[in-house]
Amino acid sequence: MSEIIEKVIGLFRDFIDNSTNPNLVIHGMMLVLIVFLLTKRPFKPRHSDKLSKKEEEELIAEWKPITLAPKMSNYQKLNEEDDIVITGSTTTTSTIEGHDKPLINLARSNYLGFIGNKEIAQVAEQTVRKYGVGSCGPRGFYGTIDVHLQLEKKTAQFMKAPEAVLYSSGYATVSSAIPSFAKIGDIIIADRGINQTIQVGLALSRSKLFYFNHNDMADLERILKETAFHSKDEIVRKFVIVEGLYYNYGDLSPLPQIIKLKEQYKFRIVLEESHSVGVLGSTGRGIVEHYGLNNKDVDILCASYGNAFSSGGGFCCGQKEVVYHQRLNGVAYVFSASLPPFLATSAEKAIDLLDQNPKLLDSLHQNTNQFYQGLNKIQGLKVTSLPLSPVIHLQLDQSKQSKSRQENEELLEKIVREALKHDLLLTRAKYVENEKFLPPPSIRVCVNCELSKDQITKSIQIIKDCCEVVFSNNKL
Amino acid sequence: MSNLEDKDIENDFGFVRIIFLYISYGLVILNGKIADFICKLRGQRYLNTPEGYAPLFVEFEYFYQLRMFGRLKHAWDRPICSLPGAWIDVMERSNKHYSERLELTGTTKYCLNLGSYNYLGFAQNSGPVAEKVIDGIKKYGVYSGSTSVEVGFTNAQKQLESTISRFVGKEDAMVFEMGFATNSGSLPALIGKGGLIISDALNHASLATGCKNTGCKVKVFRHNDPKHLEEIIRESIIQGQPKTHRPWTMILIIIEGIYSMEGEVASLPEILAIKKKYNCYLYIDEAHSIGALGKTGRGICDHYQIDPKNIDILMGTFTKSFGSIGGYIAGDKTLIDYLRTTTYGSVYANSMSPVCAIQSLEALRVIMGEDGTNTGKEKLKQLHDNSNYFREKLNEAGFVILGNRDSPVIPLMLYSPNKLSSFSRLCLERNIAVVVVGYPATPLSSPRTRFCISASHTKEDLDWALEQIEEVGIRLNLKAASINYKKPIKN
Ligand SMILES: Cc1ncc(COP(=O)(O)O)c(C=O)c1O
Ligand SMILES: Cc1ncc(COP(=O)(O)O)c(C=O)c1O
């Protein structure tokens with residue numbers, strides 16, 4: 001190409017040298033050059049690059065999707081295998097399909113023994129006789145029933161917050177409340193120990209995410225220092241997200257220190273209290289009461305009624321504006337049917353029962369303590385949760401652990417199965433495999449305040465015996 | 001009935017009116033800004049953001065809440081103190097000024113309920129279903145307190161799963177505590193990185209949330225427009241993933257059975273043909289169509305006489321026709337088994353309350369005629385008769401109505417946000433409880449009211465309601481003729 005151009009230029013030079021009016025020729029040459037460059041347009045794809053109809057059809061015919069249901073991994077198979085079907089429940093026991101005798105149920109989060117509570121059942125029955133079961137509409141469209149308003153009021157009173165808003169499932173509460181405030185461009189700093197429900201909320205917010213090591217305040221402060229940079233000219237919204245009592249670990253978040261940091265670094269605290277309301281504090285008001293803090297320091301508090309209060313739904317409480325904002329922007333609040341009335345009255349009754357009888361908490365703590373002491377002595381298992389947590393995580397001891405996570409899970413599953421034979425219902429803590437920070441394998445024991453001393457002693461003995469059986473079999 | 005099947009009504013209405021619409025929005029905003037300014041001068045602020053903190057939400061959101069939504073808020077969130085059946089007790093509220101909250105006055109108003117999703121009239125507090133429910137409370141307590149993969153799986157749930165899968169005609173099904181979470185929690189387990197979701201423009205927020213949660217590319221096709229869907233699919237397969245041009249791992253089309261704001265039935269046969277031609281997967285949200293559409297109530301497949309085997313995933317909720325709460329996903333057995341351990345809804349959310357499971361199960365058995373009575377059949381017939389009667393009468397009266405025949409969701413176009421508020425108030429004055437919807441649930445220019453017809457409405461109820469609506473319609477100038485509405489030319 002360049003040779004040709006050189007030749008052409010050479011020819012022109014000759015022509016100009018011999019010509020009488022060189023100016024005209026130079027202009028003419030420029031013109032030719034410009035026209036040549038214009039026609040070239042090197043960045044536009046040639047017409048022939050475009051696919052022909054036939055090629056398009058070929059591409060389309062060639063394309064094959066992967067299957068919708070991939071092969072299950074071993075971990076998923078393990079989680080799926082034991083199909084325990086509950087056929088009836090009382091406050092402490094459950095009956096399951098294929099097993100004649102009732103089992104002591106240590107697998108559900110029924111901390112105050114309200115599942116199967118007679119008074120609650122009575123209230124639920126009365127509500128069904130008045131309102132039916134479903135509410136048949138979202139809150140905006142005649143799905144607001146007076147019992148919802150009463151429950152919101154009662155919850156706000158109980159939590160000593162100005163107001164509360166109801167969601168119709170505990171799962172949807174935090175995963176909808178977070179993205180209603182945190183948006184693109186905001187900063188979220190979360191504990192690595194948070195459960196997946198909160199992770200969903202974080203992902204939906206599209207905010208900038210930072211994680212600090214579980215309960216590590218120095219790490220939190222490091223991140224706060226780093227992110228302080230972001231907010232030089234304009235103040236960026238910043239949220240720190242922690243759980244009251246970590247379901248995945250059975251320990252408490254150091255809220256007093258976080259509030260101290262808050263004064264310095266000016267962020268908002270989102271507190272997930274699903275497993276600490278009705279459990280911690282002298283009257284069950286959660287971690288804020290436990291530490292004797294001021295409610296005002298927690299900006300957004302989310303929790304589920306599904307654990308201590310053994311009913312459906314969840315709530316979020318905070319200042320008036322925080323609550324009202326969610327009534328227009330909480331997607332799961334606006335676009336989903338409201339909580340069935342009988343679950344609302346059941347939750348309300350449960351709060352009443354706790355308020356009337358705070359002794360329930362004493363027996364919960366005593367039971368927790370008894371379990372903690374007993375389970376700690378079992379050879380081969382270690383208790384990793386705190387002594388005051390009714391969520392007890394039993395992990396394999398160093399001596400029994402193998403390198404592979406799957407083997408550990410299988411070993412724990414064997415203990416669970418063995419316990420089933422002795423009328424004790426246990427469960428491993430199950431997770432979705434691709435969770436961001438998968439907690440270590442464990443058996444999760446949930447304490448219930450209604451359990452008698454004998455039942456607890458028996459349960460501990462069963463777990464101990466089962467461990468011995470399983471571990472000795474495992475050696476062979 | 002030519003305008004029944006029309007889709008572009010919004011676009012067919014006068015240009016001048018659109019201008020007036022925007023002027024009226026402009027006036028409201030201006031008025032609000034002036035009010036804000038006066039408040040500022042007086043030193044009042046809506047939210048006191050502490051020193052050093054960023055405000056919790058952007059200023060426009062305050063403004064919208066207080067000055068715009070605030071004026072109309074009486075039309076929503078009306079509390080009731082009765083069963084959400086055919087007639088309800090609406091609790092009256094009032095406030096002195098729009099910027100204050102509405103307080104209950106303590107009085108109630110007995111109203112005809114044209115708002116609740118009680119399609120088959122299973123919002124009942126007595127009768128065989130309610131008795132079974134109450135037995136269930138005694139047997140199980142009110143809640144499970146655990147997830148489906150751990151120990152929250154009850155026998156009631158097991159039966160419900162097998163019955164619903166039989167009902168919709170799929171191999172297996174699983175149920176969740178909440179319809180919203182069924183969508184938002186299951187989509188991430190269905191499709192992951194490298195996948196493409198093609199979603200209808202008017203899909204429900206729960207589907208949008210689920211899509212957002214998957215982290216994969218989401219494309220949107222024009223509402224119920226198979227041609228546009230096909231264009232997007234062709235283009236996507238040919239171009240592959242953005243940047244890398246790798247082929248997509250899978251393409252999932254997401255549509256709804258009946259669109260809740262349009263009352264329109266999805267064009268399933270055309271979409272199904274496209275799905276087959278291009279090897280895509282199809283996910284149908286039947287929240288409003290299950291139990292309501294089709295001779296036997298089996299939803300959109302029943303309506304079009306299509307074999308459900310052709311559809312990969314059928315999703316629905318128990319909130320509407322079944323008078324309960326919760327949702328299901330039905331599909332092939334391998335798929336459901338896989339989902340059981342991978343969806344957030346079954347691993348992290350507590351399982352469905354056994355009591356709600358029993359309500360859904362018993363309602364389902366009635367619909368299927370497995371309770372040994374004809375009640376289900378009668379309810380279905382009543383629902384279809386009611387819906388078609390109401391739709392035809394409104395149409396004859398000259399209102400602009402959206403949606404298809406047989407759909408129990410009947411939107412009536414109001415076109416202006418002022419009318420939205422007045423329509424709702426005037427109806428309430430006449431003891432009719434209606435739902436009105438505006439932006440952001442619908443496009444800015446097409447606020448509407450939405451009637452949800454139930455099998456528990458009697459013909460007298462409907463006739464009386466039609467009379468009242470006619471009067472309100474005349475007063476608000478809602479007739480097609482009076483708003484210069486051109487009937488679309490059918491092609
Ligand atoms: C400005 C404003 N308007 C209205 C409300 C509440 O309105 P409603 O009673 O309709 O929920 C609030 C509640 O916080 C509010 O702050
Ligand atoms: C299409 C669609 N999907 C899902 C849902 C959510 O269902 P639920 O109200 O049971 O949470 C709705 C509710 O309005 C809906 O219309």
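Residues numbered from 1 in each chain as written. Chains lettered and ligands numbered in written order. Predicted model: local features only at pLDDT ≥ 70, side-chain atom pairs only at ≥ 80, totals over all residues. Heavy atoms only, no water.

### Here we look at the overall build of chain A
Link 1 in the chain: In terms of helices and strands, chain A carries 18 helices and 14 strands.
Link 2 in the chain: For 476 residues, the compact-globule estimate of 2.2 N^0.38 gives 23 Å, and the C-alpha radius of gyration of chain A, at 32 Å, exceeds that figure by more than 25%.
Link 3 in the chain: Expressed along its principal axes, the backbone C-alpha trace of chain A runs to roughly 120 × 60 × 50 Å.
Link 4 in the chain: Looking at the 476 residues of chain A, the share that counts as buried comes to 57%. (Helix = DSSP H or I, 4+ residues; strand = E, 2+ residues; numbered from the N terminus. Rg over C-alpha atoms; globule rule 2.2 N^0.38 Å. Buried < 20%, exposed > 50% of the residue type's maximum accessible area, 1.4 Å probe, protein only.)

### Quick notes on the UniProt feature "transmembrane region" (unreviewed entry) in chain B
Link 1 in the chain: Here, UniProt's "transmembrane region" (unreviewed entry) annotation points to residues 15-35 of chain B.
Link 2 in the chain: Between the end C-alpha atoms of residues 15-35 of chain B there is a gap of 31 Å, over a span that is 100% helix and 0% strand. (UniProt positions renumbered as here; feature names shortened; annotations may be inferred.)

### Quick word on the site of ligand 1
Link 1 in the chain: Around ligand 1, the surrounding shell holds 8 residues, and the nearest of these are A:Lys320, A:Tyr324, B:Leu66, B:Lys73 and B:Arg101.
Link 2 in the chain: Each of chains A and B places residues next to ligand 1.
Link 3 in the chain: One of the side-chain N or O atoms of B:Lys73 is found 3.4 Å from a nitrogen atom in ligand 1.
Link 4 in the chain: Between ligand 1 and the protein, one listed contact pairs an oxygen atom with a side-chain N or O atom of B:Arg101 at 2.9 Å.
Link 5 in the chain: Burial of ligand 1 by the protein amounts to 89% of the accessible area it has alone, namely 400 Å².
Link 6 in the chain: When the residues that make up the shell around ligand 1 are grouped by side-chain class, the tally is 4 nonpolar, 1 polar and 3 charged. (Near = heavy atom within 4 Å. Polar contact = N/O pair within 3.5 Å; in protein donor to acceptor, adjacent residues only side chain to side chain. Areas by Shrake-Rupley, 256 points an atom, 1.4 Å probe, with all protein chains shown as cover. Nonpolar A, V, L, I, M, F, W, Y, C, P; charged D, E, K, R; others polar.)

### Brief notes about the packing of aromatic side chains
Link 1 in the chain: Applying the stated criterion across every chain yields a total of 16 aromatic pairs over all chains.
Link 2 in the chain: On the numbers, 5.6 Å between centres and 25 degrees between planes, the contact of B:Phe69 with B:Trp76 is stacked.
Link 3 in the chain: Chaining the aromatic ring pairs together yields one cluster made of A:Phe158, A:Tyr305, A:Phe309 and A:Phe315.
Link 4 in the chain: Over the ring of A:Phe471 we find A:Lys400, and its NZ or CZ is 5.0 Å from the ring centre.
Link 5 in the chain: The ring of B:Tyr98 carries the charged tip of B:Arg71 above its face, separated from the ring centre by 4.4 Å. (Phe/Tyr/Trp six-rings, centres within 6.5 Å; stacked < 30°, edge-to-face > 60°. Lys NZ or Arg CZ within 6 Å of the ring centre and 35° of its normal.)

### A look at the sheet that holds strand β2 (residues 93-96) of chain A
Residue and element names in this part refer to chain A.
Link 1 in the chain: With mixed pairing, 4 strands are arranged side by side in an open sheet as β1-β2-β3-β13. A strand with exactly one partner marks an edge of an open sheet, and here the two such strands are β1 (86-89) and β13 (424-425).
Link 2 in the chain: The sheet contact formed by strand β3 (residues 103-105) and β13 spans 2 bridges and is parallel. Of the residues in β13, the one forming a bridge with Ile104 is Leu424. (Pairing = 2+ DSSP bridges.)

### What about the domain arrangement of chain B?
All names here are of chain B.
Link 1 in the chain: One can read the domain layout of chain B as domain 1 (9-13 + 80-121 + 377-485), domain 2 (16-66) and domain 3 (128-368).
Link 2 in the chain: When each unit is reduced to the centre of its C-alpha atoms, the spacing between domain 1 and domain 3 is 28 Å.
Link 3 in the chain: Listed as interface residues are 21 residues of domain 1 and, on the opposing side, 20 residues of domain 3.
Link 4 in the chain: Counting each side, the surface lost to burial between domain 1 and domain 3 is near 1,600 Å², with a carbon and sulfur contribution of 59%.
Link 5 in the chain: In this structure, the connection of domain 1 to domain 3 is made through 1 salt bridge.
Link 6 in the chain: Where domain 1 packs against domain 3, one counts 9 residue pairs in polar contact (both at pLDDT 80 or more).
Link 7 in the chain: Broken down by secondary-structure element, the contributors of at least two residues to the side of domain 1 that touches domain 3 are α13 (375-396), β12 (409-413) and β15 (448-452).
Link 8 in the chain: It is α13 that provides the largest number of residues to the side of domain 1 that touches domain 3, a total of 4 residues.
Link 9 in the chain: Within the side of domain 1 that touches domain 3, the residues separate by chemical class into 11 nonpolar, 5 polar and 5 charged. (Domains from an automatic or database assignment. Contact = heavy atoms within 4.5 Å. Buried area = accessible area lost by both parts, 1.4 Å probe. Salt bridge = Lys/Arg side-chain N within 4 Å of Asp/Glu carboxyl O.)

### Observations concerning the pairing of strand β8 (residues 268-272) of chain A
Residue and element names in this part refer to chain A.
Link 1 in the chain: Counted residue by residue, β8 has 5 buried out of 5 residues, so it is predominantly covered.
Link 2 in the chain: Of the two faces of β8, the one carrying Arg268, Val270 and Glu272 and the one carrying Ile269 and Leu271 are both buried.
Link 3 in the chain: The parallel pair strand β7 (residues 238-243) and β8, bridged by helix α11 (residues 255-265), forms a crossover whose chirality is right-handed.
Link 4 in the chain: Relative to strand β9 (residues 300-304), β8 runs parallel, the two being bridged by 3 bridges. Bridging across to β9, Glu272 finds its partner in Cys302. (Right-handed = clockwise from strand over helix to strand, strands pointing away.)

### Digging into the packing of helix α5 (residues 118-131) of chain A against helix α3 (residues 128-140) of chain B
Link 1 in the chain: Running from N to C, α5(A) and α3(B) cross one another at 170 degrees; their axes reach a closest spacing of 9 Å. Taken together, α5(A) and α3(B) sit at an angle that is classed as roughly antiparallel. Judged by residue contacts, A:Ala121, A:Ala124, A:Glu125, A:Val128 and A:Arg129 of α5(A) engage B:Glu131, B:Val133, B:Ile134, B:Ile137 and B:Lys138 from α3(B).
Link 2 in the chain: Class assignment of the residues belonging to the contact of α5(A) with α3(B) gives a composition of 6 nonpolar, no polar and 4 charged. (Axes fitted to C-alpha atoms, helices over the stretch in contact; angles between N-to-C directions. Parallel < 35°, antiparallel > 145°, perpendicular 65-115°, else oblique.)

### A few points about the site of ligand 2
Link 1 in the chain: In the region of ligand 2, 15 residues are neighbours, and A:Ser336, A:Ala337, B:Asp285, B:Thr319 and B:Lys320 sit closest.
Link 2 in the chain: Residues close to ligand 2 are split across chains A and B.
Link 3 in the chain: Note that an oxygen atom of ligand 2 is positioned 2.8 Å from one of the backbone N or O atoms of B:Phe180.
Link 4 in the chain: B:Asp285 has a polar side-chain atom sitting 2.6 Å from a nitrogen atom of ligand 2.
Link 5 in the chain: In isolation ligand 2 exposes 390 Å². Once the protein is present, 98% of that is buried.
Link 6 in the chain: Counting residues per element, the shell around ligand 2 draws most heavily on helix α5 (residues 179-190) of chain B, which supplies 3 residues.
Link 7 in the chain: Along the lines of polarity and charge, the residues of the shell around ligand 2 split into 4 nonpolar, 8 polar and 3 charged.

### Section: helix α4 (residues 155-168) of chain B
Residue and element names in this part refer to chain B.
Link 1 in the chain: In a regular helix each residue adds 1.5 Å, so 14 residues correspond to 20 Å; α4 covers 20 Å between its end C-alpha atoms and thus fits that length.
Link 2 in the chain: α4 sits mainly inside the fold: 10 of its 14 residues count as buried.
Link 3 in the chain: Two residues or fewer after α4 comes Gly169, characterised by a positive phi angle close to 85 degrees. (Expected span 1.5 Å × (residues − 1).)

### Some remarks on the domain arrangement of chain A
Residues and elements named next belong to chain A.
Link 1 in the chain: By domain assignment, chain A separates into domain 1 (74-115 + 358-474) and domain 2 (118-356).
Link 2 in the chain: For domain 1 and domain 2, the distance between their C-alpha centres works out to 27 Å.
Link 3 in the chain: Contacts between domain 1 and domain 2 engage 26 residues on the former and 32 residues on the latter.
Link 4 in the chain: Carbon and sulfur atoms make up 62% of the surface buried where domain 1 meets domain 2, a total of about 2,400 Å² over both sides.
Link 5 in the chain: The tally of links between domain 1 and domain 2 comes to 9 residue pairs in polar contact (both at pLDDT 80 or more).
Link 6 in the chain: When contributions to the side of domain 1 that touches domain 2 are tallied by element, the ones reaching two or more residues are α16 (359-376) and β12 (391-396).
Link 7 in the chain: Here the side of domain 1 that touches domain 2 gets 4 residues from one element, more than from any other, and that element is α16.
Link 8 in the chain: Residues belonging to the side of domain 1 that touches domain 2 are distributed by class as follows: 16 nonpolar, 7 polar and 3 charged.

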